[in-house]
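For reference, the chains in residue letters:
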Amino acid sequence: MTTATFRIWRGTGNEGSWEEYPVEISEGMVVLDAIHAIQTEHANDLAVRWNCKAGKCGSCSAEINGNPRLMCMTRMETIDTSQPVTVEPLRAFPRVRDLVTDVSVNFRMKKSVTPFTPRKPDAADGTWRMKQEDVDRVQEFRKCIECFLCQDVCHVLRDHHKHDEFIGPRHFVYNAALEMHPLDVADRTSDLKKRDGIGYCNITKCCTAVCPEHIKITDNAIIPLKERVVDEFYDPLTRLFRIFMPKKQEPAATPEEIGKVIDG
Amino acid sequence: MSSYQTHEFDVLVIGAGGAGLRAAIEASGAGQSVGLVCKSLLGKAHTVMAEGGMAAAMGNSDDRDDWSTHFADTMRGGQYLNDWRMAELHAKEAPARVRELEAWGAVFDRTKDGKINQRNFGGHKYRRLAHVGDRTGLEMIRTLQDHGIHQGFEVFMEYTVVELLKDGDRIAGAFAYERNHGRFHLFKAKSVIIATGGVGRCYKITSNSWEGTGDGHALAYRAGATMRDMEFLQFHPTGMVWPPSVRGILVTEGVRGEGGILQNSEGRRFMFDDIPDAYTHQTADNEDEGWRYIIGDKEARRPPELLTRDHVARCIVREVREGRGSPHGGVFLNIHWIKEQLKDGSEHIKKKLPSMYHQFMELGGVDITKESMEVGPTTHYVMGGIQVDSETQMSIVPGLFAAGECAGGLHGANRLGGNSLSDLVVFGKRAGEYAAKYAADQSMPTIDAGRIEEIERHALRPFETDGDGENPFEIQHDLQNMMQERAGIVRTEENLSFALDALVGLRERASRASAYDNRDYNPGWHTALDLDNLLDVSEMIVRSAIERRESRGGHFHDDYPQKCEQHGTWNTVITMTGDGSMQRAEQQIPAIREDLQSIIEENQK
């Protein structure tokens, strides 16, 4: 059994300081275990947000030695414990207390995105058919556990604080999941360009690097969305067409049709 | 002294997992104003942890399936202590709830002809579980969340309810604190739906997250509701056992559904050694037949690894007890052997079980495409819960509803895998519908200010212990260790009596649990408050278990290892008496409808 020193940000709002705590390290331990040990033994009031402790809920995001990580999926074996291990709250969001930040802006960002809008049911039994190969890429995006590490690391939010003009990598992934859904017929391209600030992303791929679900955020979500924006707004032919012929959109299912799908 | 903010809603939903979200969507759709209070951030509830799938007799992967077989499977799995009407409604309505999720944007895995694919699972006769790899719960909660945020209900994230309020006999709302700053909030409501999930945190080894402290069970009990079947806990047979820090984390039954086998230290597939009579006619008697079933041969019967969870868990305990366990006290779960059968076996495993692959790789350093997993039982689910009306989900307290894991009845003595996700949406919808109907006929209740002061004083007590305070985390750990040891998977009269006494001492210590510093996001304080609920629920479990002198489903009594027919005629019920003490009684199971009885008999052949 070895002992490691943890240097943890303690404080309310922006007021606070670094505190050091010793933790006994046992086999297979993760950083979240160390935080819990500190909470039990030294600081009952140490604030930390967590739920599943299995990398599935995305609650325990923090910066460990400066790297945005899930605390429950960071094994102590992967960390150099000859130096104090620093754990601090995410930097892209306002601090609440200790390791907890106010991530509510993400929920507001998501709500602004046009929700799923399915096309009319077109199979003989009144429902839809989808091929596995057509849903594979959407399923990649739907693995997202909303840990917001990608939002945290993105310089547009982290350094430039463009939270009002830029919805960030998580919500581009959300847009991509909707836009590439085989049943969806809504068009979010104009919002992506004008409201959601996709142009701010200069594809440095920091978001992809920190994603615990290994979603290829930049290559598979953001770049294809940028291409849609370019096609629609910057391609001279499309622009010309748009003046004379508004974009033709496939009709969405009516509530009655959806009701029939459900009742079977 | 009272200082709190007041909110008024027609319907208040407590809990935002699958059941709570589905209820809120339904009640909002019915035109009622709805508030949704949840202990964590939206989308983080324990539903995200559900892996294998959602049981619904859609017949996409096997056209022989229909609701009646699903009903019979559920009743057999529950050892006939189920509320048969709930089991019927569940089997009939689950397919519509799956299609509804698809219409709201869920992306299930597909069959070759483009329909929703269905997989094998324990206790289900046919391929029945709609799924998305091994992250079906995440798909469900995200779909309900993303749809729900546009339905007009108001969400209160990181709020914890400390007590329900009543106006005479009927429900009147709830009193809560918000986590960030510890401020109090009064929610006045005409009807309240409890959808708070499970109680796993009463035990040391559990697959449940920190939230699973039985809040809804305890709140409803203290508000006068009846609890049923609380002796029945599901110990999921396959939790991780090594390293210690991950002990208890779930390993999906989907591993066995995809062909995973259980082996002891001698390499023997021990599940063939003990097949219960009720299942011999539908269980394979050799390895070849088991594999043929996995790959969809309709003539083949299920491999014994897909027997019900209660039975598989007990077989694992037997192997470990008799000295044939793995190095860290479990057994081996082997999926890599399918490479002998499938040439792209490794890829198949990664495609079908991606999160299991990552979970073992990252947390255990084990490559499941090459090595076996070490697994053992983990406290996973409570079959017991708030007793509700089968159709409406209302408890005996007028206006108080319950849905999902915190409600009892559907699963009887043991739940089949995959029946939980379907339970959430089938009965979440029903609770929302009937709570909205109930609220529409009611006026806003009156709140007793004195009662609120009392609750508030009690909630702040941890800050006022001077000198003799106890560390709430230590009390919680001691409770969990005690319950694990004395009221866990194998029970004895002696241990259960010990537990009952131990709970008295723990309650006394909990009354001195202390918190310090301020009320901003203070886990010490929150843990101190959760103790009341954990203790109430633990007592329900122990009192119910001690009087069931037989072994059935999730309740295994070492002094009475056999099932007793006589005990199959009643359910345990728990109520609070006038003086605040807990009372246990037996309630006769109502006679089953004849047509349903014939379905059960038909399926026994």
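Per-chain numbering applies: the sequence of each chain, read as written, is numbered from 1 onward. The naming scheme follows written order: chains are lettered A onward, ligands numbered 1 onward. Predicted model: local features are reported for residues with pLDDT of at least 70 only, side-chain atom pairs are reported and counted for 80 or more only, and whole-chain, interface and lining totals are derived from all residues. Only heavy atoms go into the side-chain values, all of them from the structure, while hydrogens and water stay out.

Looking at the side chain of His 181 of chain A
This is how it is decided: Each helix is a run of H or I in the DSSP string that is no shorter than four residues. Each strand is a run of E no shorter than two, and both are numbered from the N terminus. Pairs of N or O atoms within 3.5 Å make up the polar contacts considered here, provided that, within protein, one atom can donate a hydrogen while the other can accept it, and that residues adjacent in sequence are counted only when both atoms are side-chain atoms. Any two residues whose heavy atoms approach within 4.5 Å at even a single point are treated as in contact.
With respect to the element layout, His 181 of chain A can be found in the loop between helix H6 (168-179) and helix H7 (189-194). Within polar-contact distance, the side chain of His 181 of chain A engages the backbone oxygen of Gly 105 of chain B at 3.4 Å. Ignoring any residue separated from it by four or fewer positions in sequence, one finds His 181 of chain A in contact with Phe 116, Met 130 and Val 138 of chain A together with Gly 105, Ala 106 and Val 107 of chain B.

Section: the side chain of Thr 47 of chain B
Locating Thr 47 of chain B in the fold gives a position in the loop between strand E2 (34-38) and strand E3 (54-55). Setting aside chain neighbours within four positions, we find Thr 47 of chain B in contact with Gly 17, Gly 18, Gly 137, Leu 138, Met 140, Ile 141, Leu 421 and Leu 424 of chain B.

Concerning helix H11 (residues 255-263) of chain A
Which entries qualify depends on this criterion: Throughout, exposure labels follow a simple rule: accessible area from a 1.4 Å probe, protein chains only, divided by the maximum for the residue type, with under 20% read as buried, over 50% as exposed, and the rest as partly exposed. The reported arc concerns the directions from the helix axis to the C-beta atoms and nothing else.
Looking at H11 of chain A, one finds that the buried residues are Ile 258, Val 261 and Ile 262 of chain A. Viewed along the axis of H11 of chain A, the buried residues span an arc of 95°, placing them on a single side of the element. The exposed set on the far side of H11 of chain A, more than 90 degrees from its buried face, consists of Glu 256, Lys 260 and Asp 263 of chain A. Buried-residue contacts for H11 of chain A involve helix H3 (84-103) of chain B. With its phi angle positive at about 80°, Gly 264 of chain A sits one or two positions after the end of H11 of chain A.

So, unusual backbone geometry
Residue and element names in this part refer to chain B. Across the junction of Trp 242 and Pro 243, the peptide omega takes the value -5°, indicating a cis bond. Note on placement: Pro 243 falls in the loop between strand E11 (233-240) and helix H6 (254-257). You will see that Asp 229, though not glycine, has its phi angle at about 55°, which is positive. Take Asp 229: it is sitting in the loop between strand E10 (227-228) and E11. Accessibility expressed as a relative area gives 0% for Asp 229, which makes it buried.

Structural notes on the packing of helix H15 (residues 493-510) of chain B against helix H16 (residues 523-547) of chain B
Residue and element names in this part refer to chain B. Quick note on the threshold: The axes are straight lines fitted to the C-alpha atoms, using for helices just the contacting stretch, and the angles between their N-to-C directions are given from 0 to 180°. Convention used here: angles under 35 degrees read as roughly parallel, angles over 145 as roughly antiparallel, angles from 65 to 115 as roughly perpendicular, and any remaining angle as oblique. What makes a crossing left-handed is the near helix being turned counterclockwise from the far one by less than a right angle; a clockwise turn instead makes it right-handed. Throughout this entry, Asp, Glu, Lys and Arg are counted as charged residues, while Ala, Val, Leu, Ile, Met, Phe, Trp, Tyr, Cys and Pro are counted as nonpolar. The remaining residues, Gly among them, count as polar.
Between H15 and H16, the least distance of the axes is 10 Å, while the angle of their chain directions is 160°. Taken together, the axes of H15 and H16 lie roughly antiparallel to each other. Crossing handedness for the pair H15 and H16: left-handed. Facing Glu 493, Leu 496, Ser 497, Ala 499, Leu 500, Leu 503, Leu 506, Arg 507 and Ala 510 of H15, the residues of H16 in contact are Leu 531, Leu 535, Asp 536, Ser 538, Glu 539, Val 542, Arg 543, Ala 545 and Ile 546. Its residues placed into classes, the contact of H15 with H16 shows 11 nonpolar, two polar and five charged.

Comments concerning the domain arrangement of chain B
All names here are of chain B. The test is simple: Source of the domain bounds: an automatic or database domain assignment. Summed over both partners, the accessible surface that disappears when two parts come together, traced with a 1.4 Å probe, is what is meant by buried area. Salt bridge criterion: a side-chain nitrogen from Lys or Arg within 4 Å of a carboxyl oxygen from Asp or Glu.
By domain assignment, chain B separates into domain 1 (4-235 + 382-440), domain 2 (242-379) and domain 3 (464-566). On a C-alpha basis, the centres of domain 1 and domain 2 stand 28 Å from each other. Domain 1 puts 36 residues into the contact, and the matching count from domain 2 is 35 residues. Taken together, the two surfaces of domain 1 and domain 2 that pack against each other cover about 2800 Å², and 45% of this comes from carbon and sulfur. Between the two partners, domain 1 and domain 2, sit three salt bridges. The salt bridge involving Arg 119 is made with Glu 258; its shortest N-O contact spans 3.2 Å. Across the domain 1-domain 2 interface, the total number found is 16 residue pairs in polar contact (both at pLDDT 80 or more). Taken together, the elements giving at least two residues each to the side of domain 1 that touches domain 2 come down to helix H2 (67-77) and E11.

Focus on the sheet that holds strand E14 (residues 373-382) of chain B
Residue and element names in this part refer to chain B. Heads up, the condition is: Here, strands pair whenever DSSP counts at least two bridges between them.
The strand order across the open sheet built from four strands is E11-E14-E13-E12, with neighbouring strands paired in antiparallel fashion. Sheet topology places E11 and strand E12 (261-263) at the edges, where each strand pairs with a single neighbour. Across the sheet, the axes of successive neighbouring strands diverge by a mean angle of 45°, strand direction being ignored. Relative to E14, strand E13 (residues 331-334) runs antiparallel, the two sharing three bridges. By the bridge assignment for E14, Phe 332 is matched with Glu 374. On top of the sheet, helix H9 (residues 309-321) reaches E11, E12, E13 and E14; it is set at about 60° to E11, its chief contact.

Here's the deal with the interface of chain B and chain A
A common way to report how large an interface is uses the accessible area buried once the components associate. Contacts between chain B and chain A engage 67 residues on the former and 63 residues on the latter. Buried area between chain B and chain A, summed over both chains or domains, comes out near 5500 Å², and the portion from carbon and sulfur atoms is 54%. Its largest share of buried area at the contact with chain A, chain B owes to Lys 44, Val 107 and Tyr 521 of chain B, together 11% of the area lost on that side. The tally of links between chain B and chain A comes to seven salt bridges.

As for the layout of surface pockets
Which entries qualify depends on this criterion: Of the two site types, the cavity is a set of points on a 1 Å grid over the protein atoms alone where a 1.4 Å probe fits but cannot get out, and the pocket is an open set with protein on both sides within 12 Å along at least five of seven lines, each lined by residues with an atom within 4 Å of a point. Grid points are joined across faces, edges and corners, and a volume is the space filled by probe spheres set on the points.
Taken as a whole, the largest pocket holds about 1200 Å³ of empty space. Surrounding the largest pocket, 44 residues form its lining, Asp 33, His 36 and Lys 53 of chain A together with Arg 201 and His 477 of chain B being those nearest its centre. Elements represented by at least two residues in the lining of the largest pocket include exactly helix H1 (31-41) of chain A together with helix H14 (472-486) and H16 of chain B. Looking at which element gives the most residues to the lining of the largest pocket, the answer is H1 of chain A, with six residues.

Some thoughts on the sheet that holds E10 of chain B
Residue and element names in this part refer to chain B. A sheet is described by the order of its strands in space; here four strands give the open sequence E15-E10-E17-E18, paired in antiparallel fashion. Strands at the two margins of the open sheet, each flanked by one partner only, are strand E15 (385-386) and strand E18 (582-588). The sheet contact formed by E10 and E15 spans two bridges and is antiparallel. Note that in E15 the partner of Arg 228 across the bridge is Gly 385. Strands E10, strand E17 (570-576) and E18 of the sheet are contacted by H16, whose axis makes an angle of about 50° with E18.

With respect to the pattern of salt bridges
What the rule picks out here adds up to 91 salt bridges over all chains. The salt bridge involving Lys 351 of chain B is made with Asp 136 of chain A; its shortest N-O contact spans 3.3 Å. Of this pair, Lys 351 of chain B sits in helix H10 (residues 345-352) while Asp 136 of chain A sits in helix H3 (residues 132-141), which puts the two residues in different chains. According to the relative accessible area criterion, Lys 351 of chain B is partly exposed, its value standing at 47%. Each of the salt bridges in this network shares a partner with another, and the network as a whole consists of Arg 85, Glu 88, Lys 92, Glu 93, Glu 391, Arg 430, Arg 593 and Asp 595 of chain B.

Thoughts on the pairing of strand E8 (residues 170-178) of chain B
Two faces, one strand: in a regular strand the side chains alternate between the faces of the sheet. Residues and elements named next belong to chain B. Here E8 lies mainly inside the structure; nine of its nine residues are buried. Sheet analysis places strand E7 (residues 159-167) next to E8, joined by eight bridges and oriented antiparallel. Within E8, the residue paired with Asp 167 across the bridge is Arg 170. In this antiparallel pair of consecutive strands, E7 and E8, the connection spans two residues, and Gly 168 shows a positive phi of 65°. Relative to strand E9 (residues 184-194), E8 runs antiparallel, the two sharing five bridges. Bridge pairing in E9 links Ala 176 to His 185. Counting the residues between successive antiparallel strands, the hairpin from E8 to E9 contains five residues, one of them, Gly 182, with a positive phi of roughly 70°.

Brief notes about the pairing of E11 of chain B
Residues and elements named next belong to chain B. Most of E11 is tucked away: eight of the eight residues are buried. With six bridges joining them, E11 and E14 adopt antiparallel strand pairing. Residue pairing across strands places Met 240 opposite Val 375, the latter belonging to E14.

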